[in-house]
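# A structural walkthrough
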Amino acid sequence: MPLALRFTSASQLPLELDGILPERVQALSQGAIEKLLIRHGNRLEPLAEHFAISGSIDDGTLIFESAMPSGHGIGTGMTAGVIRVVGHAGRRIGAQMRGGRIEVEGSAGDLLGQGMSGGRIAVTGDAGDHVAGPLPGSRRGMTGGVITIAGSVGAFAAAGMRRGLVAIGQSAGAGLGYRMIAGTLVVQGPCAPNPGLEMKRGSIVLLDRAIELAPTFRKAGAFRPVFLRLLARELASLNATIDIRAFGMPLDLFHGDLLTLGKGEIWTRAGALASETQA
Amino acid sequence: MPQAHRLDAEQHPDSVCLGCGCLCDDITAVVADGRVVAAEHACARGEAWFAASSEDASPECWIDGQPAAIDDGLDHAAAILRNARSPLVTGLDAVCVEAQRIAVAIADRIRGFVDAGGLGAHESSIHAALEVGSVGCTLGEIRHRADLVLAWFVDPVATHPRFFERYGVDAIGEFVPRGRADRRLCVIDEHETATAAQSDHLLLLKRDRRLAALWTVRAIVAGLSLDPHTVARLTGVSLEQWNTLARLLLDARYGVILHDAGAADAEASIESAAILHLVRVLSERTRFVAAALGSGNNAKGAEQVLLWSTGYPAAVDLRGAVPAYQPQEATTSRLLDRGEVDAVLSLEGRLALDSIETSAGCSIVALVEDDLDPVPNAQVVFRVARLGTHAGGTVFRSDGVPIPARAVLPSHAPAAQELIALLLDRLEHAPGAGDA
Amino acid sequence: MTPPNTPGPRPNLVEPGAFAEAFPMTATRLVVTADTPAWALTAAQTMTGYATSVIACDAEAGIERVLDESETPDGRPGASILLFAFSRDALEKAVSNRVGQCVMTCPTTACYSGLPAGEKTIAVGGRLRYFGDGWQISKQLGGKRYWRIPVMDGEFLCEETFGTVKGVAGGNLIFLGEDPRATLAVAESAAAAMRSIPSVILPFPGGIARSGSKVGSKYKALRASTNTAFAPMLRGQVETTLPSSVRCAYEIVIDGLSLEAVEDATRAGLEVAGAMQNQLVAVTAGNYGGKLGPYHIKLENLI
């Protein structure tokens, strides 16, 4: 049976939920859980002041039962277990997460999976800016784990990404894969011009039919390497909302960003590059 | 400029004009009848700035739109801030550094967010400098050394009228003895601006092509070969023209890229970083710097004060035990847009005014230095003396040089730093000022 | 041919007390895939070549099974291969050399670990990646790391590390007969039946060895020499273990990932021998007197 937390407070002020983790709550009695302190604005307040708590966590699952866009930091530093969020949630979900699983049935705010190094995040709705990005002051984004988002994402998704897999079911904003160091990023829908700027390594697969790349990406040709088959199978097993039929035919390969090492790769549908078709 | 002043006119040499980011400090303000009647050496923009200096006799404080005594206002403001659970101190860019440091102390005391404010215009350049590092210089160095100026989507001739005369293209410098004749001016902009009219080399570029253009130039300077069709299609400018520009940049002995602090969006932040990168690559072959033009406000000062007092340049969260840097969360516009604050201390009245729509349920304490009407959505408004004419204080120029501005006119209203020092005092010493 | 109603093997078919003496060996399983079944098989055959016995080969290897598209990591036809060596270091060297020379070179192939990466692993892609000369790409998917090495038909993909287990090598059956052709026919049928057992390989040519060996030699340099006790033409010159009517012996050597697998294969071989007993004099197994190998597979226990 999962432990259910229903948001009962009317407050819109930021609520920091970073300590509320399955592995931490597991060892606590109901009374102790209710007394766990969370930061509400600039005060520390007991969890029970904002949430109605029911059930127990014997199956390792923690459920936030209601939407709370001002609830931030859910699953920060999580290492095991499952957190389900039913409804929209705030920023920094899964920040510095190392293991376990977070399922958001709704949309997530900015900074989803910030500094994440392991585990799995699945979002059924959209996510904000800086998905899989770095912690403030760091250049290195996500270093491991998997994020799948069924909807769209804002700016700077997978910026500075170092390792892991991010799959986006719809569109992506500006700065996609900016300064990517390595890792794998798949976007089903349209993405803003100039993805992958200053990327060093890593693979970005863009399945929209119209892509605009910076002049510092150079085409290698159309290929269907085994790694794309493996990626398609992995996406299928993750239930990512990616149409993997596109992997069934050769994709155009571009190398870049030649300004920064140039060992990154962007894969697009054949002929998707606007500057190519009309050149 | 009137040459003959009235006999009773009072002259204030070395006055500082806060009309734009030039912060010209060679102005002689001529005061008569309690106002600045002339500003010698100032440009038209500067004259207008000094001319708007008449002190107005409106009350010094309003509570809920009603005139009130400063003391009552301070009590009221202190109560609002003390009881706030998620307060924000912002608008730091509107006041001098002396006031800024007290504002940070207030934010620390009430355990809230503190941010420079404005429209986040400064954000992208702060990010870029943090991520890339910046090769900069003082404006004086540009004056004395720069033989190539690239104006990147800026029009200083219109916005910073004396920039070229004092720091840039037209000035005679130690190593550019013939002034304009020794310098080249390149302009890249969307339209034929006033600056473009004076340029030696102009490239017209659509605004949404900026990143493609910067990448093209960076690639050429880095020695990469590019496909001419791709470049022409992506930038709307031929590779040949970009090659010519790159050659000009590389042939410079000392080049400077003048740019704007930029907007707060993703592209602008990538653009700012790319400019710094370009400067870095150019500096491997010759001497190159980037300089932001800046505006008349004290955004640079806010950055400096926040840095030395909290360790971070903007968007600082002082709610917890140690300051936290939240550039993607705790900027003024984001906090207000998301309704995540319940009280705002705004050192800039305009900001409070603009945030009416978004600040429902949020108490506002504002400082106003213009002769504005009482800020309609603020609970407490204090009128403070106008910086540069009625109050003195230190302002940082965009190149990080502190410029002391002096009062040339008397004021009934306190200076911003005096007012918020009183407010800090209330917060520290008034009953219930202990930890919340 | 055996009459259909033969009631099991005759009592003296399996030599009383016969046991195979088997050794632990470090083992791994590879899955090789390619665009077509033919190329997958070519790669598998090439990489398991010259791998009959560690007496003189770097490893013992064989094709465990041909795999169809539904059974491989990348959804292409493939084959699974087992390799055995004396130590993990020796296995790592043998596998990476073989994959490098025989799989990477083979058109369209890719190579995966067929065992879960437990705590004991060997680096394969992790060693071969240097062939990419700096252009190799690491890719982590589903908790595994792969190396993508650029080659002339695109890229060769190879998993970084392969799981290893303590396998069992040296299981064997020896078929003794009067008529060499009939004896070989039994051995062939037995090998076919034994190959269908999962997790084992029969490393010798066609699964069958005709030059069984003993430890040592009169020549100092040789570690092994012909098993004189089983060589029928030496009868009368040396001590022989062959019954007097026997003029031919064939051995099937079994390497498996576990003792159970080796025993299962042995049992499958014995069943064939039982079914074809009229073509045999006896079935026995090779050992070293029980002093060397820890595993004693007693044939009588498997009937």
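How each quantity is defined
Residues numbered from 1 in each chain as written. Chains lettered and ligands numbered in written order. Predicted model: local features only at pLDDT ≥ 70, side-chain atom pairs only at ≥ 80, totals over all residues. Helix = DSSP H or I, 4+ residues; strand = E, 2+ residues; numbered from the N terminus. Rg over C-alpha atoms; globule rule 2.2 N^0.38 Å. Contact = placed C-beta atoms within 7 Å. Pairing = 2+ DSSP bridges. Axes fitted to C-alpha atoms, helices over the stretch in contact; angles between N-to-C directions. Domains from an automatic or database assignment. Nonpolar A, V, L, I, M, F, W, Y, C, P; charged D, E, K, R; others polar. Buried ≥ 20, exposed ≤ 12 C-beta atoms within 10 Å, placed from the backbone. Parallel < 35°, antiparallel > 145°, perpendicular 65-115°, else oblique. Left-handed = near helix turned anticlockwise from the far one by under 90°. Expected span 1.5 Å × (residues − 1). Arc of directions from axis to C-beta.

With that settled, consider the overall build of chain B. For chain B, the helix and strand inventory stands at 16 helices and 19 strands. Computed over its C-alpha atoms, the radius of gyration of chain B comes to 23 Å, within 12% of the 22 Å expected for a compact globule of 436 residues. Its C-alpha atoms give chain B principal-axis dimensions of about 70 × 60 × 30 Å. Here the contacts in chain B between residues at least 6 apart in sequence split such that 66% fall between residues at least 24 apart.

Attention now moves to the sheet that holds strand β2 (residues 27-32) of chain B. Residues and elements named next belong to chain B. Within the open sheet, the three strands sit side by side as β1-β2-β3. Their pairing is antiparallel. Both edges of this open sheet fall to β1 (10-15) and β3 (35-40), since each of them pairs with a single strand only. The sheet shows a mean angle of 25° between the axes of neighbouring strands, taken without regard to direction. As defined by bridge partners, β1 adjoins β2 across four bridges and the pair is classed as antiparallel. Note that in β2 the partner of Ser15 across the bridge is Ile27.

Before going further, it helps to examine the domain arrangement of chain C. All names here are of chain C. The domain boundaries assigned to chain C delineate domain 1 (25-165) and domain 2 (168-302). Each of domain 1 and domain 2 has a C-alpha centre, and the two are 29 Å apart. Counting residues per element, the ones that place at least two in the side of domain 1 that touches domain 2 are β1 (19-33), β2 (60-67) and β3 (78-85). Ranked by residue count, the leading element in the side of domain 1 that touches domain 2 is β2, at four residues. Looking at the side of domain 1 that touches domain 2 residue by residue, the class counts come to eight nonpolar, three polar and two charged.

This part covers the environment of Thr235 of chain B. All names here are of chain B. Its place among the elements puts Thr235 in helix α10 (residues 228-235). Residue class for Thr235 comes out buried when judged on the 24 C-beta atoms lying within 10 Å of it. Along the sequence, Thr235 and Leu74 sit 161 residues apart, while their C-alpha atoms lie 55 Å from each other.

Counting residues at the interface gives 32 residues for chain A, matched by 32 residues for chain B. Residue composition of the side of chain A that touches chain B, by class: 14 nonpolar, 13 polar and five charged.

All names here are of chain B. Two elements in contact, helix α3 (residues 97-110) and helix α13 (residues 299-310), have axes whose closest approach is 9 Å; the angle formed by their N-to-C orientations is 40°. What the angle tells us is that α3 and α13 run oblique. Seen from above, α3 lies across α13 with right-handed handedness. Here α3 contributes Val97, Gln100, Arg101 and Val104 to the contact with α13, which in turn contributes Gly301, Ala302, Val305, Leu306, Ser309 and Thr310. Classifying every residue of the contact of α3 with α13 gives five nonpolar, four polar and one charged.

For the rest of this paragraph, the subject is helix α11 (residues 239-251) of chain B. Residue and element names in this part refer to chain B. In this model α11 runs 18 Å from its N-terminal to its C-terminal C-alpha over 13 residues, within 8% of the 18 Å that 1.5 Å per residue would give. Listed as buried for α11 are Trp242, Leu245 and Leu249. The buried residues of α11 occupy one face: seen down the axis, they fall within an arc of 60°. Among the exposed residues of α11, those oriented more than 90 degrees off its buried face are Glu240 and Arg247.

Our focus in this paragraph is the interface of chain C and chain A. Put simply, an interface is often sized by how much accessible area is lost when its parts join up. Taken together, the 13 residues of chain C in the interface contact 12 residues of chain A. Of all the elements in the fold, those that place two or more residues in the side of chain C that touches chain A are β6 (137-141), β7 (144-151) and β8 (154-159) of chain C. Tallied by class, residues from the side of chain C that touches chain A come to five nonpolar, four polar and four charged.

Turning next to the pairing of strand β8 (residues 148-152) of chain B. All names here are of chain B. Buried residues dominate β8, accounting for five of its five residues. Here β8 shows no split at all, with Leu148, Leu150 and Trp152 on one side and Val149 and Ala151 on the other all buried. In this structure, β8 lies alongside strand β9 (residues 184-189), joined through five bridges in parallel fashion. The residue of β9 that forms the bridge with Leu148 is Arg184. Judged from the four bridges that link them, β8 and strand β11 (residues 254-259) form a sheet pairing that is parallel. The partner of Val149 across the bridge, within β11, is Val256.

Residues and elements named next belong to chain B. With mixed pairing, nine strands are arranged side by side in an open sheet as β5-β4-β17-β16-β15-β6-β7-β13-β14. Each having just a single partner strand, β5 (66-67) and β14 (324-325) make up the two edges of the open sheet. Sheet topology note: the strand β6 (residues 87-90)/strand β7 (residues 113-114) ladder contains two bridges and is parallel. Residue pairing in the sheet places Leu88 in a bridge with Phe113 of β7. Packing of helix α2 (residues 70-83) onto the sheet brings it into contact with β4 (61-63), β6, β15 (343-346), β16 (363-368) and β17 (380-383), and relative to β17 it is tilted by some 130°.

Okay, the domain arrangement of chain B next. Residues and elements named next belong to chain B. The domain boundaries assigned to chain B delineate domain 1 (10-51), domain 2 (61-120 + 297-385 + 411-429) and domain 3 (123-292). If you look at the interface, domain 2 gives eight residues, while domain 3 gives four residues. Residues of the side of domain 2 that touches domain 3, tallied by class, amount to four nonpolar, three polar and one charged.

We now examine the packing of helix α4 (residues 180-195) of chain C against helix α5 (residues 259-275) of chain C. Residue and element names in this part refer to chain C. Running from amino to carboxyl end, α4 crosses α5 at an angle of 145°, the nearest separation of the two axes being 8 Å. Read as a crossing pair, α4 and α5 show a hand that is right-handed. Of the residues in α5, those in contact with Val186, Ser189, Ala190, Ala193 and Met194 of α4 are Ala265, Ala268, Gly269, Glu271, Val272 and Ala273. Of the residues belonging to the contact of α4 with α5, the class tally is eight nonpolar, two polar and one charged.

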